[in-house]
Every structure is written in structure tokens, then in C-alpha cells.
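Structural features, examined
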Amino acid sequence: MASYSDKVLDHYSNPRNVGSFEKNAENVGTGIVGAPECGDVMKLQLKISEQGVVEDAKFKTFGCGSAIASSSYVTELVKGKTVDEVEQIKNSIIVEELSLPPVKIHCSVLAEDAIKAAVKDWREHNGEKGDKGSAIA
Amino acid sequence: MKRRIYMDNHATTPLDPRVLEAMLPYFQEEFGNAASRNHEYGWEAEQAVDRSREIAADLIGGKAKEIIWLSGATESDNVAIKGIVEFYKDKGNHIITTSTEHKAILDTCKSLERKKLARVTYLPVDTQGRVDPSQVREAITDDTILISVMLANNEIGTIQPLAEIGKIAKEKGVFFHTDATQGFGKIPIDVNEMGIDLLSASAHKIYGPKGVGLLWVRSRGPRVRLTAQMDGGGHERGMRSGTLNVTGIVGFAKAIEIAKTEMVEENARILALRERLNDKILSDLDEVYLNGHPTERLAGNLNLSFAYIEGESMLMGLNGSASPDLAAIAVSSGSACTSATLEPSYVLKALGVGDELAHTSIRFGLGRFNTEEEVDYVADRVISEVKRLRELSPLYEMAKEGIDLKDYFAGASH
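Cut-offs and rules
Residues numbered from 1 in each chain as written. Chains lettered and ligands numbered in written order. Predicted model: local features only at pLDDT ≥ 70, side-chain atom pairs only at ≥ 80, totals over all residues. Heavy atoms only, no water. pLDDT = per-residue confidence, 0-100. Helix = DSSP H or I, 4+ residues; strand = E, 2+ residues; numbered from the N terminus. Contact = heavy atoms within 4.5 Å. Pairing = 2+ DSSP bridges. Phe/Tyr/Trp six-rings, centres within 6.5 Å; stacked < 30°, edge-to-face > 60°. Buried < 20%, exposed > 50% of the residue type's maximum accessible area, 1.4 Å probe, protein only. Core = buried A, V, L, I, M, F, W, Y, C linked by side-chain atoms within 4.5 Å. Buried area = accessible area lost by both parts, 1.4 Å probe. Salt bridge = Lys/Arg side-chain N within 4 Å of Asp/Glu carboxyl O. Nonpolar A, V, L, I, M, F, W, Y, C, P; charged D, E, K, R; others polar. Axes fitted to C-alpha atoms, helices over the stretch in contact; angles between N-to-C directions. Parallel < 35°, antiparallel > 145°, perpendicular 65-115°, else oblique. Domains from an automatic or database assignment.

1. Brief notes about the confidence of the model for chain A
Residues and elements named next belong to chain A. In the predicted model, chain A carries a mean pLDDT of 90, and 91% of its residues have values of at least 70. Mean pLDDT in chain A bottoms out at helix H6 (residues 127–130), which sits at 52, and peaks at strand E3 (residues 54–62), which reaches 97. In this model residues 130–137 is a low-confidence stretch, pLDDT under 50, and it forms 7 contacts with partners more than four residues away in sequence or in other chains.

Printed below as a string of C-alpha cells:
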């Protein structure tokens, strides 16, 4: 763990967009992924406009520095993108941005899962606007 | 230079300056090979080694000739277990040990099992890390040739009831080995009172040099025989060939001498530091759990689980990699992320500590050179780091909302 990249260290020391939105709000999608037994749990919340644009994002993460950095970076990454665009985000972009070593790639995968889970949640409690993507796994 | 605080004294210890001083002449003036029988250089070295043997044997109540010098505790454990299994293969092949032993024991046993040279019983420990001597008794069969139980655990500091186990071993006529690495020179050992037949120890855990250890092997009542695992010049009565590390041995002996003289005073001082660290942390943080035994533990060991924060992220906050302006603090974690296997600590698992808490564990290893001021500083840093990371933790937030995390995450997997 001696070889953290500067960007991981920066996100760890100064995490962006830490916090929570009201999870029952209609315009909020919440994704909680991972498990305490595995040492990683990420909560990602997206505030999505009626036009389907991510206006704001917040996160909280239990996990190693790379997990914290991955989720912190994702909150920056998703802002201003449409729901369809954020669903296309692949973990590889997180790996690249943060220079994650192979043993930390699962942190980026979890962050990708968190985005998908948050969008899915938003679609679910946002019936008519969300049904176009009801097949999201 | 950046300020650093070393609180990882189970991993290794700094050399005591008095040890260094004792070693120095043996690098250049008295550099002889202890096996050179025909000149002064050799005689000096042999004398130094034999004097060191007396000092080491004296610490544990053994005889000087029963000490075998070797490279460290790992080699010592290997020679003890493999040497016994090989020598006594006609008598039996069953070994009894515990699930929280150091890997030097566990992997040695696994290797013997794989080669079908031994059958091994790994006894469980209780929630505080102690093995139940009556379970040792029950596990003994006609085939049992060796019991190996550590003196004190390297992660949680729990001290095992060796005297009781030794008594059972004697009664049943089974050899008793102990990996004493973490307790040697820190807590009193008497191999006769404790019924120990073989004992492994290492210099660098007691402010001596790295690369030198010992195996004490009982020579009488009963006499223990070993098959050598290193062939060569027949050094150490044939039990361990290879030119002796004279400087290392002299340093080890000096470290033992100091440990013996200062043990009582030092233990009291280190225990007070540990309590100070523990009290400060607990007075400011909730949901912090002690791993290991509350009293039957090494004075310098404090192993705490900080619920809802992951150990590696905690280390990152403490070790200075993310905060170049602060002192770099050296401690360890039982978190999976800090291990080569990406599995959380098998020791904490054996205690029944859930994986979710094992991931949050931090081991503080206090030693001879730690100060009250360092303890206060580390406690403050730990408290502020835990608070910061809990603000970042979804688990902390959920727990505060009254969500049962076990229920919530039931079915979630790696």
C-alpha cells in the first residue's frame, strides 16, 4: 500500500461530495453496493433532473483508500451527464484516472456497480420517467 | 527529517544501542569463525558464542549446550517440527497445534500434511484467543508425537496456558514445542516448570539484530532428538550446519541479558503506556472493541477494532502517506487489504470476530522506546482519523439510523 498514486491520496485526504441526500426524494437515486464482510461498502446518491441529467452527487464509503478515492472521483465524473451517459461509465476510466494497481481494480468495479445501482433505484421510484430503462440489471 | 513514530514492535524492534555496542568488535577485530579450532580468531569467536549460549539458556532455565543457533524463529519452528516428525516417524505422525499459530508453524504443518508425513489437529481457541488445555488432552492419540502451542500471539498478544499444556504433555509422554517468539524476553519462562521440550525464539523481537534466532532442545528428561534439516559441516552438534552468525549471536545474547535485567520494570512501564493509549481512545470514541484477552496478554499489545471504518484506510491516515505534514505513525491492521492474500486476519477469524470487524482492526505494538508523549500523540491522531472516516462511512450513518447492518447486508457477497 506504499504506492498510492497522488490522485488517490488527494481524494482520500480531500474527498469530494461527501454526504447524503434524502433517499426517499423522488429525484434521488441511491445505490448501496458491497458488504461489510468484504471490507468495502459504497453508497452513491445521484440527484437527477426531470430531463434525466445528473445535477448533483454524494457518496459515503467504507473501504480502503482506493475505494474512497474511486467513489469520490465518480461523484465528479457523473455531474452534468445524462442518465444514459452515466450508465455507460466503465470501471476502466476510474482505474486510469486514479492509476489503480491490479489488486485495487475491484474498487473501481464497485464504483461502477454503485452508479448502476443508483440509476436503477432512481428508475424504480420514478416510474414513468424510468421505464425506458427497466431492463437494467 | 519527517517525524516518525514506531508502534509496530511485534513486527520487529529497533536495535538497542547497547546491543549494537556489544556486537561491534565482532565485525572487525574478533571476526573469526567459531568453528576454526586452530587459532585465536576461532577461539575468541567460539568463546563468545558459548558465553551467549549460557546467557540464552539462563533466561529460560535450560542448559547452555541445549541451545542451537540458527537464522530466526521461522527456521527454528521448521527445524523443531520437521526434525521431530522425521526422527520419530516410527513412533507416530500426529501433531497437535492451534489455529492461531504463526504461519511459520501453520505452513510447516500444512507442508508435512501435503507430503503425507504428518496428520495435524488444529485446535480452536476461545473468543479471547486461548486454547483450552483439556482439548489438548482430548486430542492426544497413540500416534501423537508433538504438541506445538505458541507462548504469545503476534496479532492479539494473548498468552497461552503453557504450564497446563506442558503438564498434560509430560503425563502423556508427548513432546511439547513452543514458538516463544513474541513472549521470549518479555514474560518469564521456565522450561522445566512449564514442561517445555523445545522452544523457538528470535533476536529482532527483543531489540536484537535480524537474522538470528535459537532453538532450545531438551537434552534430558526426556532427551529430544531431531533430524537435521540443513546438511553441511555438522555445526551445532550436527543439528544445524552452517557457519555461525557470531555478531548476531553476541547481539542476541546482549539483548537477552538486558531483557532479563529490565523485564519487570519494562513490563510495568509498557503496560502503563498501553493503558494510557487504550483509555484515551476509548474515552473519545464509541464502538471500539478489544481483540484478545483483557489481562492474559503481552504488555505491549493493543489490538482494537474500530467499527465502521476499514483498517487500511485508517493506516493510510496514520502512516503519513496522505498527510506529509504530520508524523508518520507505524502500526498494523488485520484488514484484508493489508495482507498478501486479501483475506482478513485468520487469527481474528479464529476468535470468532466477524469479517466486518476484522477489517477494522488495528494492532498497536508498544515497545521499549515508546514514550508517553508518543502515546498521547498517536491517540489524538487515531481519534481524529476515526471520526473523519466515520463521517465518510455509510455503515456508521446506517447504524446511527438504527438499521441492522447484518440484516441489511444479508446475502451480499464478495
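Still to come is the rest of the account.
2. Overview of the sheet that holds strand E10 (residues 301–306) of chain B
All names here are of chain B. Reading across the sheet, the 4 strands line up as E9-E10-E13-E12 and stay open at both edges, with antiparallel pairing between neighbours. Single-partner strands in this sheet number two, and they are strand E9 (288–290) and strand E12 (332–333). Taken together, the 5 bridges between E10 and strand E13 (residues 361–365) define a ladder with antiparallel strand orientation. Note on E13: the bridge partner recorded for Leu304 is Ile362.

3. Looking at the packing of aromatic side chains
In this description, a pair of aromatic rings is defined by centroid distance and the angle of the planes. Residues and elements named next belong to chain B. Applying the stated rule across the entire model yields 8 aromatic pairs over all chains. Look at Phe87 and Tyr88: their rings are 5.0 Å apart centre to centre, the planes differ by 65°, and that puts the pair in the edge-to-face class. Judged by relative accessible area, Phe87 falls into the partly exposed class, the value being 34%. Using a relative accessible area of 12% as the deciding quantity, one classes Tyr88 as buried. Aromatic rings pair up to connect Trp69, Phe184 and Phe252 into one cluster.

4. Structural notes on the nonpolar core
Residues and elements named next belong to chain B. Counting residues in hydrophobic clusters, the biggest one holds 66 residues, and the most contacted among them are Leu277, Ile281, Phe306 and Phe364. Setting aside residues up to four positions removed in sequence, Leu277 forms contacts with Met7, Leu302, Phe364, Leu366, Val375, Val378 and Ala379. If you look at the next biggest cluster of nonpolar residues, it comprises 61 residues, including Tyr26, Ala48, Ile140 and Ile249.

5. Observations regarding the interface of chain A and chain B
Each partner contributes to the interface: chain A provides 27 residues, whereas chain B provides 33 residues. Surface buried jointly by chain A and chain B totals about 2,600 Å² across both partners, of which 65% is contributed by carbon and sulfur atoms. Summed over the shared surface of chain A and chain B, the result is 4 salt bridges. Taken together, the elements giving at least two residues each to the side of chain A that touches chain B come down to helix H1 (6–13), strand E1 (28–35), strand E2 (40–48), E3 and helix H2 (65–78) of chain A. Per-class residue counts for the side of chain A that touches chain B are 15 nonpolar, 7 polar and 5 charged.

6. Re the packing of H1 of chain A against helix H9 (residues 311–318) of chain B
Where H1 of chain A contacts H9 of chain B, the two axes come as close as 11 Å, and the packing angle between them is 95°. Classified by the interaxial angle, the pair formed by H1 of chain A and H9 of chain B is roughly perpendicular. For the pair H1 of chain A and H9 of chain B, the contacting residues are Val8, Leu9 and Tyr12 of chain A in the first and Ser313, Met316 and Gly317 of chain B in the second. A class-by-class count of the residues in the contact of H1 of chain A with H9 of chain B yields 4 nonpolar, 2 polar and no charged.

7. Remarks on the domain arrangement of chain B
How big an interface is tends to be stated in terms of the accessible area lost upon association of its parts. Residues and elements named next belong to chain B. Taken domain by domain, chain B consists of domain 1 (4–10 + 263–412) and domain 2 (17–258). Computed over C-alpha atoms, the centres of domain 1 and domain 2 are 31 Å apart. With 24 residues of domain 1 in contact, the opposing surface of domain 2 contributes 32 residues. Taken together, the two surfaces of domain 1 and domain 2 that pack against each other cover about 2,400 Å², and 55% of this comes from carbon and sulfur.

8. Thoughts on the pattern of salt bridges
All names here are of chain B. Under the criterion given, the structure shown has 38 salt bridges over all chains. A salt bridge links Glu66 to Lys63; its shortest N-O distance comes to 3.8 Å. Looking at Lys63, the relative accessible area reads 41%, which means it is partly exposed. Note that Glu385 and Arg388 form a salt bridge whose closest N and O atoms lie 3.3 Å from each other.

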